[in-house]
Structures are given as structure tokens and as C-alpha cells.
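A closer look at the structure
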Amino acid sequence: DWVNEKLLQFQPLMPDFAARRRRLLAQLAPNSLVILASRAEMLRNHDADYKYRPDSSFYYLTGFAEPEALLCLHNTAKNDLEQMSILFCRERNPEREIWDGLRAGLEGAVTQFGMDCALPIDDLDNEMVTLLNGKNRVYVRLGYDAAFDARFSRWLQTLHGRQRQGAKPPLEIVALDAILDEMRLIKDATEIELMRRAAFISAQGHMRAMQTVRPGLPEYALEAEVVYPYMRAGCPVAYNSIVGGGKNACILHYVENNQILKNGDLVLIDAGAEYEYYAGDISRTFPVNGTFSPEQKQLYQLVLDAQLAAIDALQVGQSCKAYHHVAVRVLTQGLLQLGLLTGELEDLIDNHGYREFYMHGTGHWLGMDVHDVGAYYDADEQPRLLQENMVLTVEPGLYIAPDNMNVEARWRGMGIRIEDDVRITRNGPEILTAAVPKTIEAIEALMQKRLE
Ligand code: GLY
Ligand code: MN
Ligand code: MN
């Protein structure tokens, strides 16, 4: 079957985490320290945790997926020999490992993860006070985790309290994200390949949904079909899947997925797999009964025209906001032609008259996080220009509220979004998610080939 066939072609592919640490270190001021904590485990209810998923930036620099860990990069002076990566992590514990699984331990952190040094996470407070002492600059991520912020603050307090004994609290505290997010925004060759795989697996779920949907199926049953290929490929979902039949598609973050799919309605699916910590993010909209009605065809074709035009605008050197304006123009023009809007095209664009039907942006950076890190505006507050190996989504949509009395009844309650993942290249956009059909003909044709 496809999973075994395709996945067997995927050779193991491991990012060079140590090279990333070296690239980060090369950008640091002398006598500085990087501190990056992993994410805490989170309770789901009572004493049951959510499955642990490490923080993306932490994993990006370490490849280390255990909880209770902190990376410290130490740049003591001018010379490479004095640069050090230290991983604080859990020590091995045969009894706990019976319950929670294997731990790399201090030795594994060095031998398997290439750290220069590993220290027990239980000694973190003492060691950090020592490491922070006398540093000119500390790169740290604050404002995301109140518990970490408080802990960092206590390390500084301890140093403040020891100043008469010669302690020197760090002089500058700098946002680590600014450097790290910029690194993550431009994907290297390994990342691109991992993202192609994430996109490929994500696509399989959408194709399976098109081939298994039928009137009377609950949305959650269709969700099961979408995620089946993801689980077969060992991938969690990259975010909560949206499966919205009929007017539920007009609720942008609809995740209840508990209504019955009706004959004559469209269904909107927004779902993606996470492969080796990289997200796929795909939306498709198709008729529950396999055939688009005339109104559905008209509105769908308009969204598709907008999406294709927007993808064409993804060229090296273009503003990263230009493709949104392209999508808005095509959609607004089409809404005028269909009689859903009245007025002058330029007025409707300038005054956001289209927002009644198109109220979100046309996409976002994509990577280890579905809404990936990276600034959208430069220091002059201008939209930044697209560069090779940025990856972003293109996801225009139209949503006609079920109670919108300004439009003819035949349009009401339709929600359509088409979303692909695109890599910027010097030769034009590379659509990573091209495997899922999106033309009306290709969708109807695939839906004919039912899987039972
Ligand atoms: N699935 C989230 C998004 O499309 O932005
Ligand atoms: Mn998206
Ligand atoms: Mn999406």
C-alpha cells in the first residue's frame, strides 16, 4: 500500500544540530551566554499529561526531545575553544525509565547529542548563577513561560545579593528569538526535504478524505480518514484538524467536528501532518456528494483563481505581503461579478469592503511551527522581501455567513478555503502540497475513485 511503498523511499534524514549551534554561536557577542529552556510537560486533566512535544527552537538547536532540559551556549571569549554547549537534562533513573521511557542521561547528551558537557537538571539553579556571573550579554527568551521567567529572575536576584562578595550580574539581557527566528525562517536543504515529506504525508490525508466522504458521515468520521495516513506514517497532526460541513466551514477555527455531513453541502478540511517536527498545512474544500453545484462551482473557481494568482506572486524579491493584495483583488473583482458585492472595485479594496467574506490573511510562514517564527516586517516597518528557501502557505478563502441577508439565499452558508504550502525558489514557487487535486475537474475525478 502507499504508506509502506512511499515511506520506504524516505531515507532517514537528520538535521545537523551541532552545526546550527555553531552558526548561532558565531553571531554572539564575546563573553556571552545563550539560555534556552525546553517546554514544561502539560497536564491534560487530573494526572494525565498531553503527549510531550518539545519546543521547536529548543529542538532546532539540540535534537533533544525529552522534557526537563535546558540548553546553555557559553561564549567565554574570542576563541572557538572557549565556546561550549552545555545541556542540562534528567539523569538516568532505572526505576523512572520503567514508567516513562528511556532517558539519554548525562552521558547520552554528550555521546548521542554532541554536547560538550551535560549537567543534571536538578543542579540548574546553582549552575546558572555561576554561568551568568560576569557575562556581558545574555541571550534568553522571556515572555513565553511565566515559570521560566520567574526562575531566570531569581538567578539574577541571587547575583544581585552577592555583589558585595564580588558577583557581577550580566550587563545586557537580549532577546534570543530575534537571532534564532531569523535562522529558522530560511530553511536549509535538510529542512526543505523534511518539509516535502510533511507536505506529501499531509496530502495523503486530504486525498483519502475525498475518496471516503459521503452524505450521512459525521465530520469526526471524516477526520479519522484524514488522519489515518498521518498515523500510519508515524506523524502527529501539526495542529487541530478542521472538518467543517456546510455552514460550519464559515467558523474559521471550527474543531468540534461533530455534525453530520449533508448531501448538497461542501466540506472544508484544514489538516496537516507533522513529520520530524515539520508541519504540513493544507486546506481543501469539496462536495460531500462528489459533485459541485453551479453556485459551489462559481465560488470555488473564484477562490482557486485567487489562490493561483497569489502563488504566482511568490517570487524572490517581492514583498511578503504582495500576494495577499493579489488575492484580495481577484476575490473582490469576482465578488462584484457574482453580485455578492456592489460598488467600485478600488473603493471596496481600499475600504476593506471584501472583509465581510474574506476576513483573514492569505498565509503565514511555515516550518517547525505551523504559524512559524520570523518577522514579517523589517526594521523600517516595511514588509520584508521574499528570499529563497522561505516557506509559506497560500490560503485564500470565501465565507458567506448563513445569516447574511444582503446576499441571495443560494449563496448563504458556503465556506471555501484552498491552502497549499509553497517554497520560494529563484525559479519561482515550488508547491510542496501539489499532490492533492484542487481543480474542480480533478477533485470530482478523484472522488469517483472511491475507497471503501
Ligand atoms: N491551520 C492553520 C492555518 O491554516 O493557519
Ligand atoms: Mn495555514
Ligand atoms: Mn491550515
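So, here is what we can say about the structure in this document.

So, on to the coordination of the manganese ion (ligand 3). Coordination angles at a metal have ideal targets, namely 109.5 degrees for four tetrahedral donors and 90 or 180 degrees for six octahedral donors. Protein coordination at the manganese ion (ligand 3): the donors are Asp270 (OD), Asp270 (OD), Asp281 (OD) and Glu419 (OE), at 2.0 to 2.4 Å from the metal. Around the manganese ion (ligand 3), the 6 donor atoms are arranged such that angles at the metal cover 56 to 170°; this shape is classified as irregular. Every donor residue of the manganese ion (ligand 3) comes from the same chain, spaced as D-x10-D-x137-E. The metal-metal distance between the manganese ion (ligand 3) and the manganese ion (ligand 2) comes to 3.3 Å, with aspartate 281 coordinating both. With aspartate 281 in the loop between strand S12 (278-279) and strand S13 (282-287) and glutamate 419 in the loop between strand S16 (415-417) and strand S17 (420-423), the pair connects residues that are 138 residues apart, well separated along the chain. For aspartate 281, a relative accessible area of 3% translates into the label buried.

Taken together, Tyr239, Asp270, Asp281, His364, His371, Glu395 and Glu419 make up the full set of residues near ligand 1. Taking histidine 371, its side chain carries an N or O atom lying 2.7 Å from an oxygen atom of ligand 1. Starting from 200 Å² of accessible surface for ligand 1 in isolation, the protein chains cover 84%.

We now examine the pattern of salt bridges. Tallied over the entire structure, the rule returns 28 salt bridges. With its nearest N and O atoms 3.9 Å apart, the salt bridge here joins arginine 417 to glutamate 395. Separated by 22 residues along the polypeptide, arginine 417 in strand S16 and glutamate 395 in the loop between strand S14 (391-394) and strand S15 (397-399) bring together distant segments of the chain. For glutamate 395, a relative accessible area of 9% gives the class buried. Across the pair lysine 438 and aspartate 420 runs a salt bridge, and its minimum N-O distance is 2.8 Å. Here lysine 438 is found in the loop between strand S18 (430-431) and helix H14 (440-448), whereas its partner aspartate 420 is found in strand S17, with 18 residues between them in sequence.

Once that is clear, we can look at the coordination of the manganese ion (ligand 2). Surrounding the manganese ion (ligand 2) are the protein donor atoms Asp281 (OD), His364 (NE2), Glu395 (OE) and Glu419 (OE), at 2.0 to 2.2 Å. Around the manganese ion (ligand 2), the 6 donor atoms are arranged such that angles at the metal cover 50 to 155°; this shape is classified as irregular. Within one chain, the residues serving as donors to the manganese ion (ligand 2) are arranged as D-x82-H-x30-E-x23-E.

Conventions we followed
Residues numbered from 1 in each chain as written. Chains lettered and ligands numbered in written order. Predicted model: local features only at pLDDT ≥ 70, side-chain atom pairs only at ≥ 80, totals over all residues. Heavy atoms only, no water. Donors = N, O, S within 2.8 Å, 3.2 Å for Na, K, Ca; no water. Tetrahedral: all angles 85-135°; square planar, octahedral: opposite > 155°, others 65-115°. Helix = DSSP H or I, 4+ residues; strand = E, 2+ residues; numbered from the N terminus. Buried < 20%, exposed > 50% of the residue type's maximum accessible area, 1.4 Å probe, protein only. Near = heavy atom within 4 Å. Polar contact = N/O pair within 3.5 Å; in protein donor to acceptor, adjacent residues only side chain to side chain. Areas by Shrake-Rupley, 256 points an atom, 1.4 Å probe, with all protein chains shown as cover. Salt bridge = Lys/Arg side-chain N within 4 Å of Asp/Glu carboxyl O.

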